[in-house]
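# Notes for the structure review
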Amino acid sequence: ALRIALSGNPPDLILLDIMMPGMDGFDVCTRLKAASQTRDVPVIFLSANTDAVDKTRGIELGAVDYITKPFHNDEVKARVRNHLALKKMREELQEKNIMLERQVVEIKEKTKQLREKDLQLIEMDRMAGIFTLAAGIAHEINNPLGFLKSTLSALKNGMDKMRVALGYWED
């Protein structure tokens, strides 16, 4: 069984040969990619195998590169630098995606709150319209009622005067 001694942090990059005693590099790569702790660690194969089938298999198993032996140190260093830079960019992109997802949730919540406030404002506007209409109707009803009241009051006064006058004539 493959045991990787990691002290809390996985390596930034793994250089892996294919031909090794006990377990070949393909098996090691498969296990590295299956483990949650090392799944995202870039693997570069270094091998004397120049066969296209081996190169393709290595990439299909999750390796990011395949360098054949004999190799030039400067080439290996350049590829390692590039893949470390790519890993860093992927990690930054993942962090930004997480931040964006949080912002999307916040925006959705704020949008929901704004829609609720809009509905409240629409309802308040409707109620204000109803109150204005009711006040207008009440005013329109009060005018004839006021006229009727003053007319009835005048009629009552007139009838009282008539009663007094009739009483004057009866005596």
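Residues numbered from 1 in each chain as written. Predicted model: local features only at pLDDT ≥ 70, side-chain atom pairs only at ≥ 80, totals over all residues. Heavy atoms only, no water.

## Regarding the sheet that holds strand 2 (residues 43-47)
If you trace the three strands from one edge of the open sheet to the other, you get 1-2-3, paired in parallel fashion. If you trace the sheet from one side to the other, it starts and ends with strand 1 (14-17) and strand 3 (65-68), each paired once. Each neighbouring strand pair of the sheet contributes to a mean axis angle of 25°, computed without reference to strand direction. Relative to strand 2, strand 1 runs parallel, the two sharing four bridges. Its bridge partner lying in strand 2, Leu 16 is registered against Phe 45. Lying over the sheet, helix 1 (residues 25-34) contacts strand 1 and strand 2, oriented at roughly 175° with respect to strand 2. (Pairing = 2+ DSSP bridges. Helix = DSSP H or I, 4+ residues; strand = E, 2+ residues; numbered from the N terminus. Axes fitted to C-alpha atoms, helices over the stretch in contact; angles between N-to-C directions. Contact = heavy atoms within 4.5 Å.)

## So, the layout of surface pockets
Counted as a void, the largest pocket has a volume near 160 Å³. Lining the largest pocket, in full, are Pro 10, Ser 36, Gln 37, Asp 40, Val 41, Lys 87, Arg 90, Glu 91 and Gln 94. Per-class residue counts for the lining of the largest pocket are two nonpolar, three polar and four charged. (1 Å grid on protein atoms, 1.4 Å probe; cavity = no way out; pocket = protein on both sides within 12 Å on 5 of 7 lines; lining within 4 Å. Points joined across faces, edges and corners; volume = space filled by probe spheres on them. Nonpolar A, V, L, I, M, F, W, Y, C, P; charged D, E, K, R; others polar.)

## Re helix 1
Along helix 1, the residues classified as buried are Gly 25, Phe 26, Val 28, Cys 29, Leu 32 and Lys 33. Across the axial projection of helix 1, the buried residues extend over an arc of 160°, all falling on one side. In this fold, the buried residues of helix 1 make contact with strand 1, strand 2 and helix 2 (52-60). (Buried < 20%, exposed > 50% of the residue type's maximum accessible area, 1.4 Å probe, protein only. Arc of directions from axis to C-beta.)

## Let's talk about the nonpolar core
The biggest cluster of nonpolar side chains holds 13 residues, and the ones touching the most others in it are Ile 14, Leu 16, Val 43 and Phe 45. For this core, the secondary structure elements donating two or more residues are strand 1, helix 1 and strand 2. It is helix 1 that provides the largest number of residues to this core, a total of four residues. In terms of nonpolar packing, the next biggest core, distinct from the first, is built from six residues, Leu 13, Ile 67, Val 76 and Val 80 among them. (Core = buried A, V, L, I, M, F, W, Y, C linked by side-chain atoms within 4.5 Å.)

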